[in-house]
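Each chain is listed here by its residues.
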Amino acid sequence: MIARFFQLIVNLMIGIAAGFGLTWFASSILSYEFPSFIDTALFLSLTSCSFTLMIFAILSWIGFAGIPIFVLLLFFGIPLLQMTPEVMPTFYKNWVCPWMPMHFMVEGLRKLFFYHNAIRWETSTIALTWIAIGSLILAVLSVWKPKKGKAGIEEEPGM
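The following paragraphs examine the structure supplied in this document. (Residues numbered from 1 in each chain as written. Predicted model: local features only at pLDDT ≥ 70, side-chain atom pairs only at ≥ 80, totals over all residues. Heavy atoms only, no water.)

1. A closer look at the overall build of the protein chain
Thought 1: Across its full length, the protein chain carries 6 helices and 2 strands.
Thought 2: Taken from N to C terminus, the helices and strands of the protein chain fall in the order α-α-α-α-α-α-β-β.
Thought 3: The 159 residues of the protein chain split such that 35% are buried.
Thought 4: Here the analysis covers contacts within the protein chain between residues at least 6 apart in sequence; of these, 60% occur between residues at least 24 apart.
Thought 5: Here the protein chain has roughly 10300 Å² of accessible surface; of this, 74% comes from carbon and sulfur atoms.
Thought 6: Seen as two clouds, the 9 positive and the 8 negative side-chain charges of the protein chain have centres 6 Å apart. (Helix = DSSP H or I, 4+ residues; strand = E, 2+ residues; numbered from the N terminus. Buried < 20%, exposed > 50% of the residue type's maximum accessible area, 1.4 Å probe, protein only. Contact = heavy atoms within 4.5 Å. Areas by Shrake-Rupley, 256 points an atom, 1.4 Å probe, with all protein chains shown as cover. Lys, Arg positive; Asp, Glu negative; His and termini not counted. Charge placed at Lys NZ, Arg CZ, Asp CG, Glu CD.)

2. Focus on the nonpolar core
Thought 1: The biggest cluster of nonpolar side chains holds 20 residues, and the ones touching the most others in it are F51, M54, L73 and L109.
Thought 2: Elements with a minimum of two residues in this core: α2 (37-62), α3 (67-82), α4 (90-96), α5 (101-114) and α6 (123-141).
Thought 3: A total of 6 residues in this core trace back to one element, the largest contributor, which is α5.
Thought 4: Excluding residues that lie within four positions of it along the chain, F51 makes contacts with P101, M102, M105 and L128.
Thought 5: Counting 7 residues, the second largest nonpolar core, distinct from the first, contains L8, F56, A132 and A139. (Core = buried A, V, L, I, M, F, W, Y, C linked by side-chain atoms within 4.5 Å.)

Printed below as a string of structure tokens:
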């Protein structure tokens, strides 16, 4: 349990470092002017934390068999990053896009960049926060999942 909490703390620190580091990189090295550096960095930190926690939680429960889930998410999520909703095919816009975690990141960044909104408690931040909380809970609960022995028989925790 202590190791799991340490892993979660490191995961959160990496997410925060990624959000602020990416924003710093874009503003310092690439000379991009953000409407609000702090709002963008905080939103990207929330996004990074929720995605890394989601990956950590699924891999904690399923193991390496969960990797194809994220391959499919990236495969279907890349067009989401490149297309506006108006030019997406109807099926993709109505059935695939709302279930993609990247959808919330793109919508939040679109509001921050193009509409100069400050970070608020709205659809994107609520969804990303719930993804992070749910993933955090699942990661902690994975400590008590039954482990398979050498013969494939499930053992009780602590045995």
